[in-house]
Amino acid sequence: MSHATAAPRHLVLRLFDERIALRIPLRALITATSLTLILLLVMSISLATGTYGIALEEVWNTLRGITISSAIDNVVWEFRFPRTLAAALVGAMMALSGATLQNATRNGLADPSLVGISQGAALAVVALTVLFPASLALFRPWAAFFGAIAVALAIQGLSHTRQGGGAIRFILMGIGLSAFVASITSALLTYSEIDRAMAALSWLAGSINATNWNDVATLAGWTVILAPILLALSRTMSAMRFGEGTATGLGAPIRLANNIQLAIAVALAAVATSVVGPLGFVGLIAPHAAKRLARAGMGLHLILTALWGAILVSLADLLGRAAFAPIQIPAGIITAAIGVPVFVILLVRTRPTQTH
Amino acid sequence: MSLRTLFALAGLALTLAIPAFAQETRNVTAANGTFDIPVAPQRIVALNDQIIALPLYELGASVVGSAGRVDAEGKTFMRGGMDTLGIDYANTDIQYVGQFNALNVEAIAALQPDLIIGGTYTDLAVVDQLQSIAPTLVIDNGALGLIETLRTLADVSGQSGNFEARYQSYQANIERTKSFIGDTAAISATTTFMFPEADDLWVYRANLGAITQVLSDLGFAQPAAVAALNATQASWSAELIQQLDADFIFGFYRQQPDATPETIRAAYEKFAPGWCAALTACQNGQFVVLPGPTFGSTMTGLELALELVENNVAGRPFTPFVEAP
Amino acid sequence: MTVAAAPSPVRHSARSWSGVPVLLAILAGLFLLHIAVGAKALPLGTVVDAFFAFDSKDFDHVIVFNLRLPRAVIAVVVGATLALAGALMQGVTRNPLADPALLGLTSGAAFAVVIATSVYGLATMALLPWIAMAGSLGAAAIVYIIARLVPGGATPLSMTLAGASVSAFLGAVISAIHLLNQETFENLRVWLTGSLAGRDVTMLYYVGPPMLVALLAGILLAPRVTVLAMGDDVAQGLGVRTGPLKAQLLAVVVVLTAGAVALAGPLGFIGLVIPHVVRLYVGSDYRWIVPYAALAGAAYLLGVDIIARVAIPPREISTGIITAMIGAPLFVHLVRRRTR
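As the structure is a computational prediction, the values presented were derived from the model and not from experiment.

## Comments concerning the overall build of chain C
No. 1: Summing up its helical and strand segments, chain C has 13 helices and 0 strands in all.
No. 2: Taken from the N to the C terminus, the helices and strands of chain C come in the order α-α-α-α-α-α-α-α-α-α-α-α-α.
No. 3: Counting every position in chain C, which comprises 340 residues, the buried fraction comes to 61%.
No. 4: Residue pairs in contact within chain C that sit at least 24 positions apart in sequence constitute 75% of those at least 6 positions apart.
No. 5: Element-wise, carbon and sulfur atoms account for 70% of the exposed surface of chain C, whose accessible area totals about 12,500 Å².

Right under this line is the structure:
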């Protein structure tokens, strides 16, 4: 785009003696602000909603540190607050994972739950739940994490050729391997005791039900480590939007960047899945939604994507526990049920010629 | 919020908290550690309906909340509640607190329980959260077996006296039934479970609630193939049903429209065409489908299972099974 | 157009008929093996007697005649139709990774059946195939629309991904139903993995006739699929009206898939794997691929079902779990070979 038309609609941010200069499109900035406000609103409603009736005012006072009763303290501080934060964090992580995966594989339909990462985590957790029901809850996140990493490594290894790993191969390998892994999972579910199968099934549906401060710390810690790497890579990532040839022409170290991106995508999804179970479609939808709302540079696009993901999962968790009370529906089912139709609408509104 | 309301609320909270503090406590050890629990718990939440809430309720414990199920119409119910004890959420003070694998911790907190009891099927992350509300015990019913599970539940809920009295009369009834039958070890029985969909047949060596307990207390034998199982249960190939032949074969119907005695019998025939013709037990009218409470985990279920088995084995003539040469 | 006018990219055209008797022999052999072996070891004499001197009072005869024979027949029908459907789909979409399960047709049919039986309590078997057909047609349409709308159009990759996401979505809804209503999960958990155990042969009376028509139509349309597989432009240049042809082929695929799901539940990967194996031997002429795929698919599913029944007695494994366990690695292998 020409400099003359672009200039008025951009905000230029200069940091560190102009070593970093950011030209931020105004519309994207406004979008980011509104999304942040929406997220805060959803999180507030989430904090005020629950089976344990607490008035909004009481929630606010509890959060300010005024003890109304130890029970209310407990509900707000130990149940609602970590749950609300975990939902937002998990959403942001899955969304970033999806955006990164889509960028690295140059395919707008890539999602952690379609390429075997979720299935690897699921198999590990189901195996643990069904075969060693007495094992410690402590092991579950680790099992999920290693399951996800193992499947991701297998996909990476299988899709690697002498010419390097093809992005298309990565996705197709993912689909093949996830079908394989899922068949073992369903064998375990079908031939185990019904109660154990049911216990595993609730985790498989993706539920934020039982998150505590440790989970929040895990999620936040990994986000703090991984998200800045993505932002640092954003320039290379935006070059890669135009295809490998262009990116190489622009001097981007393609193969390295690609591998780092895939690794981060897997790590983000694996950590999020290990805490709340497989949450499908967030990684698929959030980047598309971010793209539709505002065109932005890669860095800002990632932030918008993360915000979208956080809103989506927070909303799904809120709907899941409030809409059909007293019956609670896991967030993963809500994300799938609202996510896929939204996704189809988004796609229908795209003209095939418009690439980004 | 004004200072006055705050004081009022604090005062209210204090009065609500007093009973919990005033209670005497004692030390108990469960599968997940040792806990200080009230000597006489007044507000118990059960994390499973069939295995925990029903036995607690029938022993006279004060259950204020229980996990349950959701039926096809979206109505919550306690499995086995109506057919075993005639109770449900609608006709008791028991509140629904989620499904056993999707518990609602806030609903549990709102009930202000002084004791929470779950099992090995309970999500351990949820158990950790619940510890901040009240001591939460994990009872490993698989390892304990039915009688010890009931004894433990009675003990922690302060109802040991009720349990021991009922258990004694159950044992006396077992002896009475044995005296009616004579050499019980000469009689073989197989416990099977069939779902209405007729996809697979499950065979239980042990741990199908009251019925397997009663059969083993009576000293009945099992077919060799069943006795040889490593696991407590296995799904069985239709081709091998003749391995299940015995003096008596038991199946189960339930209080739900698709699991009536008639549909369950039809499911056996659909799963293995010629089921009845292939099994001498069935030919002789000794394939018996029992009502749901007999595979439940209650004292009532034990008493009912014993009566029904006694009635089928001692209350009428039957044709003994002769192993094919 | 006539068969003779078709360009001949076939490498082994001279040998093309020669494989039929071989495959038929293998199929017959596996069929007999399927009937002869099982969880219960029966002497061969008993198996033969079951056919020539059936005694309904002898349970061994019942095993052969009422348990193994219907199961073998269903394996043949389902295997043949899924492989044939997969072959046609690969030709029409020019997508080497097309498969009724991968592109969402199977889960669409399964989804419709689950909804109809568990939510609406449908018990009429006669309606089931039609519900399955509606489900798989709906899923096929959604997958195709999504793939078309993706920037770049309906490429094999976008089709596969769209299929995977539609399947995942339907899977999520099915698991929601399970979670909310545990009874249906207990009732349907084996069926949902795709199983040939305890299948009702009477279902064959309802789905058999439409499936047979679709099967014949598929074989008759096969020569034109070869032309279609070379591209719409080429096909139109050769005088093929691609639009109506594609619609007819879609109808064939939907009827076959829905029938197979109604018979055996969702079985994956047969439609993907078999046509590829067949292509290795008969080349790329669908005139041969289609009938060969049907025969090989039948043989394959018979073989898999034999494993499912005898692997760990006294239990039986769900056939669908084994087809996925064998099929998925083959899929991975295909991707490795084809996208170098």
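## Points about the overall build of chain A
No. 1: For chain A, the count of helices and strands is 14 helices and 4 strands.
No. 2: Within chain A, residue pairs in contact and separated by at least 24 positions form 72% of the contacts whose partners lie at least 6 positions apart.
No. 3: Surface accessibility of chain A: about 14,500 Å² in total, with carbon and sulfur atoms responsible for 68%.

## Details of unusual backbone geometry
Trans peptide bonds make up most of the peptide bonds, and negative phi angles are found at most residues other than glycine.
Residues and elements named next belong to chain B.
No. 1: Non-glycine residue Gln112 carries a positive phi angle of around 45°.
No. 2: Within the secondary structure, Gln112 is located in the loop between α4 (105–110) and β8 (115–119).
No. 3: When its relative accessible area of 32% is taken as the criterion, Gln112 is described as partly exposed.
No. 4: A positive phi is found at Asn207, a non-glycine position, where the angle reads about 60°.
No. 5: Topologically, Asn207 is positioned in the loop between β11 (201–204) and α8 (209–218).

## Details of the state of the cysteines
Residue and element names in this part refer to chain B.
No. 1: Taken as a whole and judged by the stated rule, the model has 1 disulfide over all chains.
No. 2: Residue pairing for Cys276: its cysteine sulfur links by disulfide to Cys282, the two sulfurs lying 2.0 Å apart. On the S-S bond that ties Cys276 to Cys282, the torsion sits near -90°, and the link is left-handed.
No. 3: Residue Cys282 is classed as buried on the basis of its relative accessible area of 9%.

## Examining the environment of B:Ala278
No. 1: Along the chain, the position of B:Ala278 falls in helix α11 (residues 275–278).
No. 2: Note: C-alpha distance between B:Ala278 and B:Ser62 (216 residues apart in sequence) is 49 Å.
No. 3: Setting aside residues no more than four positions away along its own chain, B:Ala278 makes contact with B:Ile241, B:Gln242, B:Asp245 and C:Phe59.

## A look at a nonpolar patch on the surface
All names here are of chain C.
No. 1: Taken together, the side chains of Leu44, Val48, Phe51, Phe52, Phe54 and Phe65 present a nonpolar region at the surface, about 610 Å² in accessible area.
No. 2: Ranked by residues supplied to the nonpolar patch, first place goes to helix α2 (residues 44–52) with 4 residues.
No. 3: Topologically, Phe65 is positioned in helix α3 (residues 59–93).
No. 4: Judged by relative accessible area, Phe65 falls into the partly exposed class, the value being 31%.

## Overview of the sheet that holds β11(B)
Residue and element names in this part refer to chain B.
No. 1: With mixed pairing, 5 strands are arranged side by side in an open sheet as β12-β11-β10-β13-β14. Every other strand in the sheet has two partners, leaving β12 (233–236) and β14 (287–291) as the edge strands with one partner each. On average, adjacent strands in this sheet sit at an angle of 35° to one another, irrespective of strand direction.
No. 2: Against the sheet, helix α13 (residues 299–313) engages β13 (248–253) and β14, with an angle of about 155° to β14.

## Details of the environment of B:Gln233
Residues and elements named next belong to chain B.
No. 1: Looking at the element boundaries, Gln233 is found in strand β12.
No. 2: Judged by relative accessible area, Gln233 falls into the buried class, the value being 9%.
No. 3: Taking the C-alpha atoms as reference points, Gln233 and Gly81, separated by 152 residues in sequence, lie 25 Å from one another.

## Some remarks on the pairing of strand β2 (residues 33–38) of chain B
All names here are of chain B.
No. 1: Examined bridge by bridge, strand β1 (residues 25–30) and β2 share 6 bridges and lie antiparallel to one another. Directly across from Asn27, in β2, lies its bridge partner Asp36.
No. 2: The hairpin formed by β1 and β2 contains 2 residues between the paired strands.

## Comments concerning the confidence of the model for chain C
All names here are of chain C.
No. 1: Taken as a whole, chain C shows an average pLDDT of 80; of its residues, 84% reach a score of 70 or greater.
No. 2: For the stretch residues 1–14, pLDDT sits under 50, and the model shows 20 contacts to residues farther than four places along the chain or on other chains.
No. 3: Predicted complex, confidence summary: ipTM 0.76, pTM 0.80.

## Here's the deal with the nonpolar core
No. 1: Ranked by size, the top nonpolar core spans 228 residues in total, and within it B:Leu201, B:Trp275 and C:Val78 carry the most contacts.
No. 2: The element best represented in this core is α3(C), accounting for 19 residues.
No. 3: Setting aside residues no more than four positions away along its own chain, C:Val78 makes contact with C:Ala260, C:Leu263, C:Ala264, C:Leu267 and C:Leu301.
No. 4: Within the second largest apolar cluster, 57 residues are counted, among which are A:Ala71, B:Ile52, B:Leu56 and B:Val63.

## Brief notes about the packing of helix α4 (residues 70–105) of chain A against helix α13 (residues 298–322) of chain A
In a packed pair of helices, the relevant descriptors are the angle between the two axes and the axis-to-axis distance.
All names here are of chain A.
No. 1: Between α4 and α13, whose axes approach to 7 Å, the crossing angle comes to 135°. Between α4 and α13, the angle falls in the class oblique. Considering only the axes of α4 and α13, their crossing is right-handed. For the pair α4 and α13, the contacting residues are Arg83, Ala87, Ala88, Gly91, Ala92, Ala95, Leu96, Ala99 and Asn103 in the first and Met298, Leu302, Thr305, Ala306, Gly309, Ala310, Val313, Ser314, Asp317 and Arg321 in the second.
No. 2: Of the residues that constitute the contact of α4 with α13, the class distribution is 11 nonpolar, 5 polar and 3 charged.

## A look at the side chain of B:Thr76
No. 1: With respect to the helices, strands and loops of the structure, B:Thr76 is situated in strand β5 (residues 76–77).
No. 2: Overall, B:Thr76 belongs to the buried group, its relative accessible area being 17%.
No. 3: Residue contacts for B:Thr76: discarding those within four places in its chain leaves A:Pro326, A:Ile327, B:Arg69, B:Val70, B:Asp88, B:Tyr89 and B:Tyr96.

## Here we look at helix α12 (residues 282–293) of chain A
Residue and element names in this part refer to chain A.
No. 1: If you check α12, its first and last C-alpha atoms are 16 Å apart, about what 12 residues at 1.5 Å a residue would give, namely 16 Å.
No. 2: Of all the 12 residues making up α12, 9 are buried; the element is thus mostly covered by neighbouring parts of the structure.
No. 3: Along α12, the residues that are buried comprise Val282, Gly283, Leu284, Ile285, Ala286, Pro287, His288, Ala289 and Ala290.

## A short note on the packing of α12(A) against α13(A)
All names here are of chain A.
No. 1: At their nearest, the axes of α12 and α13 sit 8 Å apart, and the two run at 125° to each other. On the basis of their axis angle, the class for α12 and α13 is oblique. Considering only the axes of α12 and α13, their crossing is right-handed. Judged by residue contacts, Val282, Ala286, Pro287, Ala289, Ala290, Lys291 and Leu293 of α12 engage His301, Leu304, Thr305, Trp308, Gly309, Leu312 and Val313 from α13.
No. 2: Looking at the contact of α12 with α13 residue by residue, the class counts come to 10 nonpolar, 3 polar and 1 charged.

## Concerning the pairing of strand β4 (residues 63–70) of chain B
Residue and element names in this part refer to chain B.
No. 1: The element β4 is largely enclosed, with a buried count of 8 among its 8 residues.
No. 2: Taken together, the 3 bridges between strand β3 (residues 44–46) and β4 define a ladder with parallel strand orientation. Residue pairing in the sheet places Ala46 in a bridge with Ser66 of β4.
No. 3: Where the polypeptide runs from β3 across helix α2 (residues 49–58) and back to β4, its parallel neighbour, the crossover connection is right-handed.
No. 4: As defined by bridge partners, β4 adjoins β5 across 2 bridges and the pair is classed as antiparallel. Each residue of the ladder has a partner; that of Arg69, found in β5, is Phe77.

## Things to note about the environment of B:Ser160
No. 1: By the element assignment, B:Ser160 lies in helix α7 (residues 160–181).
No. 2: Once you skip the residues sitting within four places of it in the chain, B:Ser160 turns out to touch B:Ala154 and B:Asp155.

## Describing the pattern of salt bridges
All names here are of chain B.
No. 1: Evaluated as defined, the whole model comprises 15 salt bridges over all chains.
No. 2: Across the pair Arg69 and Asp49 runs a salt bridge whose closest N-O atoms are separated by 2.7 Å. Note that Arg69 is positioned in strand β4 and Asp49 in helix α2, a separation of 20 residues in sequence. Accessibility classification places Arg69 together with Asp49 in one group, the buried group.

Reading guide: rules and limits
Residues numbered from 1 in each chain as written. Chains lettered and ligands numbered in written order. Predicted model: local features only at pLDDT ≥ 70, side-chain atom pairs only at ≥ 80, totals over all residues. Heavy atoms only, no water. Helix = DSSP H or I, 4+ residues; strand = E, 2+ residues; numbered from the N terminus. Buried < 20%, exposed > 50% of the residue type's maximum accessible area, 1.4 Å probe, protein only. Contact = heavy atoms within 4.5 Å. Areas by Shrake-Rupley, 256 points an atom, 1.4 Å probe, with all protein chains shown as cover. Disulfide = S-S within 2.5 Å. Patch = residues over 30% accessible without salt bridge, like charges linked within 9 Å, V, L, I, M, F, W, Y side chains within 5 Å. Salt bridge = Lys/Arg side-chain N within 4 Å of Asp/Glu carboxyl O. Pairing = 2+ DSSP bridges. Axes fitted to C-alpha atoms, helices over the stretch in contact; angles between N-to-C directions. pLDDT = per-residue confidence, 0-100. Core = buried A, V, L, I, M, F, W, Y, C linked by side-chain atoms within 4.5 Å. Parallel < 35°, antiparallel > 145°, perpendicular 65-115°, else oblique. Left-handed = near helix turned anticlockwise from the far one by under 90°. Nonpolar A, V, L, I, M, F, W, Y, C, P; charged D, E, K, R; others polar. Expected span 1.5 Å × (residues − 1). Right-handed = clockwise from strand over helix to strand, strands pointing away.

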